[in-house]
Every structure is written in C-alpha cells, then in structure tokens.
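As a plain string of letters, each chain reads:
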Amino acid sequence: MYVYMGHMRWQDIIPYEAWFWEKNKINLVKDLVTKIEPQHKTISTASGAHYQYDQLIIATGSSPKTLNIEGINLDGVTGLHAIQDLAYLESRSKQLKKAVIVGGGLIGVELAEMLHSRKIAVTHLVRENGFASSVLSKEESGIVNQHIEHHGIDLRLDTEIIKIQDNGQGSVASVTTTTGEDIECQLVGMAIGVKPKLTWLGGSGIEVNIGVLTDVFLKTNVPDIFAIGDCAELRNPDAGRKAVEPIWYTGRMMGETVAKTICGIETKYQPGIWFNSAKFFDIEYQSYGDINPILSGNQSIFFWKHKIASKSIRINYTLNGVIGFSALGIRLRQNVCHQWIHDKIMIEEVLAQFELAVFDAEFSKKYADKIRNAYFEQTGKLILKKANGRYDQVYRFLKKAKSTYT
Amino acid sequence: MIRFPDYSLSLTPTYTPGISLTQKLWVTIGFIGFFAGVIAISGYDHAGVFLLTASLILISISIAGFSFSLYHHQKSGIKNNYTWSRSLSNRGIVSWVLALWITGLYILLYFFPNALGLSESGNTGLIRLFDPLSEWIKHKPANQWFVYGVFYTLAILLFGVKFLRKYKGNRYQQIRTVSVMFFQLCFAFLIPEILERLNQPSMDLKNMWPLNYYFFFDWHLDKLRSGGTLGLFMLGWGIAMILIISPILTYFFGKRWYCSWVCGCGGLAETAGDPFRHLSDNSLKAWKIERWLIHGVLVFALLMTGLVVYTYITAHSNILFLNSYAIREWYGFFIGAIFSGVIGVGFYPLMGSRVWCRFGCPMAAILGLQQRFFSRFRITTNGGQCISCGNCSTYCEMGIDVRHYAQRGQNIVRASCVGCGICASVCPRGVLKLENGQVDLFERTEVNIK
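None of the values given here were measured: they were computed from a predicted structure.

Peer 1: Any details on the overall build of chain A? Residues and values, ideally.
Peer 2: The number of helices and strands found in chain A is ten helices and 22 strands. Against the globule reference of 22 Å for 406 residues, chain A gives a C-alpha radius of gyration of 24 Å, in line with a compact fold. A principal-axis box enclosing the C-alpha atoms of chain A has dimensions of 70 × 60 × 45 Å. Here the analysis covers contacts within chain A between residues at least 6 apart in sequence; of these, 56% occur between residues at least 24 apart. Where the 46 positive side-chain charges of chain A centre and where its 44 negative ones centre are 6 Å apart.

Set out below in structure tokens:
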C-alpha cells in the first residue's frame, strides 16, 4: 500500500536490512518447496535442491479468497496480497479510469485509498450494511462509511458482486451486482479475506483442515513439524480467539513461541486478550478484548461519539466489569486496556481513570471529560475524574495492578 | 487471478501527481518574484529596492498560497503520497539543481561575500539592496550576515506555514512549529538586531555553546565584558544555559526542548527541510558513522574551546605543538562553515534535513549523551500493535530505525532523537508516543510488550 502510494520504497518496507540474515547465521534460500518427506526429515524444492531438517516450521501464509463467479479469471481481476499483486496493480494503473472493489474489510479500504490516491474512480461493494460489520457497531460503521464517502469513494452497502463482464478481449469490462446494476470498470479488486495456503502439503501426512492443524505448542500431528502464522489452525483456541487468525501480530507471537520451544524452553502459544488495529483512510481504529457489537447475555454497551470529528469510544461491559474497547480516532494504551479487561474492572472505575488509557500525542485535545459526561447523560451516574494520565501515573497503575494478582 | 512469480516487477510508482491550476498560479507568482529579485540585484537605485521588496513579497505570497492550496482539501491526517516519486523529494534532477544552488549560495556567503556585493566602501549588488532595511532596523549598512538572517528567518516562517498546513489537526506539531518560528524571528533575528541598534552587545540568547562555538573566543568575551550590565548578564546567561538551564530542561523533556523547539538549525530543518526528511539514511552503517563523527566533532569542539580559553587566560597561544589560533581557524572553517552551513543545509535535498544535527552538531552530541543516560524522555511503544510497516523509520529525519524497536515492543531511547514526533504522527496504528516519566528512568529501554 505505502509503496504504491509513494510513501516508501520497496526496501523501506522490508523489516530487516540485508546483513541481518547472515549476521544471525540464517541461510536465506529463495525457492519453492515442492515436497516434504517427514520419514526422512527432508524437503525438496523446485530447483531440485534437498534440505535436511531437525525441526521444520511451516509458515507459508495465506492467499486471497476468491468467488466462484463468471469472469473471475479475466485479466484485471486481482487481490492485494503478494508482491506480484502490487507489481500488477502498478502496471495496470496507468490506463485505469475506474475500479470496483469487493469486500468491506481492511484490505478493501486500503485498496480504495491506494487507487483513490491516483485519482482513479472507485466503487466499493460491501456485502454487509457497513464496513467491518463483524467488529464495528452500526454507529461506528456509520462514522467510517461517512468518512470514506467524504473522500469520494462510491460506497455500495448491502451489495454483492454477481458476475464480471468480459470486454471481448479477455479483460474486465464491468461488474454486475445484486442490485441488478452494471458498473463499468477496468479493474476488480477482490478483498474478501484470505485462506491458508495448503495445497502443496499433499502427501506429506500433515493433517489439515482450513489450515495446518496444530496443538497449543503449534506442533502439527507430525513430529518436529510446526506451523505458524496465517497458515496455522489451532485445534483448541483460547476462549475469545479464533482457530485461524490471519493477522500480523499473531504471526509474530507464534514465531516467538516456536523459537522458544525449539531452543529448549517448551512454550505454549498464549496470545492473551484479543486486540487489533486498522486505519480507514484517516481514521485510526484500535480494539481490545471482546468488542462484538451484537450483545449476548448480560452484556451492555457504552458508546460515546464526538459531535463533529470522526472519533468514538465504545466499551463493552457487564455487571462484572469491562470486557472490550473499540476506539475510532483516539489512540488507546494497550497495557492499560488489557489490565482493565483482565482484572474485570467496573466501567465506572474505568471511566474515572480513562486518562490512563489515552495514548494520543502530547497537547492533543482531551476527551475523557466529554466521555464521562456522556456516561452521566446515558445512565444518570456521575463519575469524577481520578487520573491525569501522566506517564508516571500509568506506570504506577500498571505496577500495582500486576502485583495484586500475581 | 493466478499470477506467476516471474512477473517482471516494477514497484516504483510510475505516477506523479501533477499540480492543480491554482497551484501552478502560485508557482508562477513565485518565479516572477524570483526573477524580479534577479533583476533587482543587477542594478541599484530606488527601482532596485522596490523590485527586491516586490520580489520577497511575491515569493512569500507564492509559498503561503501554494501551501494553503496544496493542503486545502486534505483532512487532518498526514499524507506522504508520492513523496518517493517526485523529482524534488526523490533525489531527482530538481533536487540536484536545488542542492547545487543552495551549496553555491553558502560558498559565496562564507567565502566570497564580495561576490554578493559586500564592500567597505559601500555595498553593491544583493547586499546593497538590504541596506535600507538594515539602516532602518539598526542604523548600519547591511552585511552578508544580515542578508542571510533575513532569508533564513523568512524561510523558517514561510515553510513553517506550509508545515502548519500539512500537519493540521496535530497539536504537538502545531505548537512545536510555532515555537521554532517564534524563536527564530524574535531571538535569532529581531532581538540581536535591535540590541545592535541600541549600541548594546548583541547575542542570540538561545544559541548555546558549543553550537555557538565562538562564545569563548577572546573577541566575544571582550565584547561581553565591556558591554556593561547587559554584556555581563549575557556572559552569565550563556554559561548558565550550558551548566544549569540546558541540563535541567534536557532531564525533564529530552533534547527536543532545544533541537526541535528552539534551535535555529533545527527550525530550518523542521520547516524548509521537512520535504526531505525521508532521505536520511537509516541503515546501521549510517548509525555507526554518525556516532564516530558527531562525537569526534564534540571532542574537536572541546579541545578547541579549551585551547582558546587557555590562551585567553594565560596569553600563551602555543600548547605543546598546538596553536590555539590555528585550531580555532580550522574549526571555524571545517565545522562552522563547511559542515554546518554548506553541507548542513546545501545537502538537504540529497541527504535529508538533519545532516548537520545528526553527524556534526557538538551541542546535539552533549544533549544526546544526557538524553541517552539521564533524561525522563523516551518514545513509548504501544504494546504489540506495531505492524512493521516502516513509516516511522522512513520519516525519521535522524535516520533512527524506529521500527526496529517498535516491532519488538521496545521503547525508543536514542541519543540522536530530536523528539520531532513525526514517527508518532505518521504511524498508522497509534503505536508511538513521546513521553516523559521519571519512575523508570533507568529502565526506559526495557521491553514492555505483553
């Protein structure tokens, strides 16, 4: 995304400099693995090379999901996943006047922002009635929808793609939607999620379902073979977590976990309390804990929205304490939110000390008072401010909180 | 959707956004102003002064108008779109021309002021055009430093306006930028000039030794000592800055209180230099060079000042094989002129905006050492939210590989960090925050990831 938009060059988005691999005695081979033979502990590659292993870690990632519709294989239909997709987009962008994006998740929004930055008209089809509707509430989606439309994106909610029309030369001419409309375009961006990349594992004896099945140590059914990242599927995920979580930080955590295990400290994969983040054009989004907009049982929601700016805070809670935070346009401190969720702190107490969780830059406008006022208006309960949110206070809070339960 | 890995990869954006008609208009006004200035320099009479005034006004209007037009439709939030594909900001032909031009100006300024029209028997050319302004402010004809001061201040003010527009909605950046604009206009330019008019010893009160390397030079000490109460106050103030004020402020806020809030070099880098910040090399190799170079300059500055003070007290100019006059000449030439001026600013479009501050400034070196070991300042990483996108490292003007720390959940405590806060501003995930705290001062670098 940032390379396409000229924020960075290709070399800037690579997390390590070139010397990293050799210095850390990692032999980086660029090749395609074609076969795993666990009985001999070898792998074979497309170039004909064979490698012996003691421990094998499968981290092959995912590929974009696609739809079984007419025209899906036409030239001009693309996902946004691999470096090849980026190169393809770059090569197509010059002639591009109009694009249709399918999918109301993060990749869809990023793709929209990318194309928009080159003044390419974008029509965005979202199957649900709002962006990221599995995690955003209706009001939150509303903020995001409005912001995206404000940027000039032609947003179509509750709309699905039915088929892609051929221009007669094997390329995209238009997209037909469930509303019966025919939208002219030269590019279709498919952003409806990802699925683990597994097909090449056939015949290896490694058990797969949606992804490579692993236990809590990220071990597969075959000895000395691990699976991590987008391609892994946990047999027994923790409560509140999914079996397959194709996001950046779980991949990193899984990597760290397996690294510990193969270095002799057998370590369970414990991702802890759910968190995630995104950016919808200019609106930053962060979430911690259970933020399901559809409530179950004794759950309630407290929601505050800024009158004009695209900012909001949603707290999911029960009578036993807070369970989740969802923030648009306001940065929250992960450690503090985690602590509150972990310790099941009551919502009044959380709001009284809300300053502790605010991670906005110095001199930023402060909203905690407004948030407490909103709570008073909604519930009639008056909450007095108990914290200023300065670093030392945050530090002491975390130290104290940790010592009380450990 | 099936794509093969042998696809020929062209990842460099082939797109450069053009500029709108309005923006073209502003640029045209700027060029008219520029050429009016060129014509003005070639002759001197009332028309020349009028032309120069018109030129400066037109250029100012052009820069301000362009900035407003450029960011008018942009919502709060930072867009660095196509920074790497514009000729100006990607070491293209435009940036080379600009670099040569600025470098050339600095060489004339430092070594050939006569070419700019400086003359004992009455100025000519560019400098003479500033005589009326100089006469008006301080009852003296202009010299090359007066002209430089006017241009420098204008650059900070005008590109400051551009910066304020670009980072609208970000109050840290707004307040910080108003601060550097204020200190340049009042402390670096107006106060010293007005003091000169009043026949008082003049001094840029915020320009601290060793950045102000001539503070302990004999002529400067003599000037202050013979300058009455105000002179003595300035002498005391200068020393108090070094020994008391600066250490205290650096303890509380890190070196940013100076480098990105007050300092003139920093002020220019943050405003006029902002479009080039991403050109700073953030490799490990560059960091190694930086540490040798900047601390080398610091040692040079300490040695030079020590010798100069020794000479001042004892009237001996030779210590062992070192001649204090020769050493201070060398320092002035290589560090004062070549490094901080010609390279420091001239190379903005090629090596980023903080070449001097990062590799050369002895003041930054001292503040940096304190910041690294004894300051409450750090950049906090927000748990595990980093997605390793690389914006922070790319847009760090000091070439710090911020991501290296952020993706490990580690706080950033680096001697070179000037606390400009751009890493936190460009972070798309709200991962970084500039903070001051004393409770964990000696464990600021500890991994805090959960």
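Picking up where we left off.
Peer 1: I'd love a proper account of empty space enclosed by the protein, names of residues and values included.
Peer 2: For the structure shown, the criterion picks out six cavities of 30 Å³ or more. Counted as a void, the largest cavity has a volume near 190 Å³. Every residue lining the largest cavity is counted, 18 residues in all, and those nearest its centre are A:Tyr2, A:His7, A:Lys279, B:Ile78 and B:Pro428. Put simply, the parts of the chain that give the lining of the largest cavity at least two residues each are helix H4 (106-116) of chain A together with helix H19 (422-426) of chain B. Tallied by class, the residues present in the lining of the largest cavity amount to seven nonpolar, five polar and six charged.

Peer 1: Go over the nonpolar core, please, and point to the residues and values.
Peer 2: Membership of the largest hydrophobic core comes to 102 residues, with the highest contact counts inside it found for B:Phe130, B:Tyr258, B:Leu268, B:Ile379, B:Val402 and B:Leu432. No other element matches the eight residues that helix H6 (residues 144-166) of chain B contributes to this core. Contacts of B:Leu432, omitting those with residues within four sequence positions, involve A:Arg331, A:Phe359, B:Ile379, B:Thr380, B:Thr381, B:Cys392, B:Val402, B:Ala406, B:Ile412, B:Cys423 and B:Ala424. Counting 58 residues, the second largest nonpolar core, distinct from the first, contains A:Tyr249, A:Trp304, A:Ile313 and A:Ala327.

Peer 1: Describe the environment of A:Gly152, and please don't skip the residues or the numbers.
Peer 2: Along the chain, the position of A:Gly152 falls in the loop between helix H5 (138-150) and strand E9 (154-156). Along the chain, A:Gly152 and A:Ala121 lie 31 residues apart, while their C-alpha atoms are 8.2 Å from each other.

Peer 1: An account of the confidence of the model for chain B is needed here, citing residue identities and associated values.
Peer 2: All names here are of chain B. Residues at a pLDDT of 70 or more form 96% of chain B, whose mean pLDDT is 92. Between residues 4-8, whose pLDDT stays under 50, and residues either more than four places distant or in other chains, the model counts five contacts. The ipTM for the predicted assembly is 0.94, set against a pTM of 0.94.

Rules behind the numbers
- Sequence positions are assigned chain by chain, starting from 1 and proceeding in written order.
- By the order in which they are written, chains take letters starting at A while ligands take numbers starting at 1.
- Owing to the predicted nature of the model, reporting of local features is limited to residues with pLDDT of at least 70; listing and counting of side-chain atom pairs is limited to 80 or more, with chain, interface and lining totals taken over all residues.
- Here the side-chain values reflect all heavy atoms present in the structure, with hydrogen atoms and water set aside.
- By definition, any uninterrupted DSSP run of H or I lasting at least four residues is a helix, any uninterrupted run of E lasting at least two residues is a strand, and each is numbered from the N terminus.
- Radius of gyration here is computed from C-alpha atoms only, and the compact-globule reference equals 2.2 Å multiplied by the residue count raised to the power 0.38.
- Residue contacts are defined here by distance: any two heavy atoms, one from each residue, within 4.5 Å place the two residues in contact.
- None of His or the chain ends enter the tally, which takes Lys and Arg as positive and Asp and Glu as negative.
- To locate a charge, take NZ of a lysine, CZ of an arginine, CG of an aspartate or CD of a glutamate.
- Buriedness of a pocket was judged along seven lines, with at least five required to meet protein on both sides within 12 Å; pockets are open sets of points on a 1 Å grid over the protein atoms alone, cavities are sets where a 1.4 Å probe fits but cannot get out, and lining residues have an atom within 4 Å of a point.
- Grid points are joined across faces, edges and corners, and a volume is the space filled by probe spheres set on the points.
- Under this grouping Gly is polar, as are all residues other than the nonpolar Ala, Val, Leu, Ile, Met, Phe, Trp, Tyr, Cys and Pro and the charged Asp, Glu, Lys and Arg.
- Side-chain atoms within 4.5 Å are what join buried Ala, Val, Leu, Ile, Met, Phe, Trp, Tyr and Cys residues into a set we call a nonpolar core.
- We call a residue buried when its accessible area falls under 20% of the maximum for its residue type, exposed when it is over 50%, and partly exposed in between, using a 1.4 Å probe and counting protein chains only.
- Per-residue confidence from the predictor is reported as pLDDT, which spans 0 to 100.

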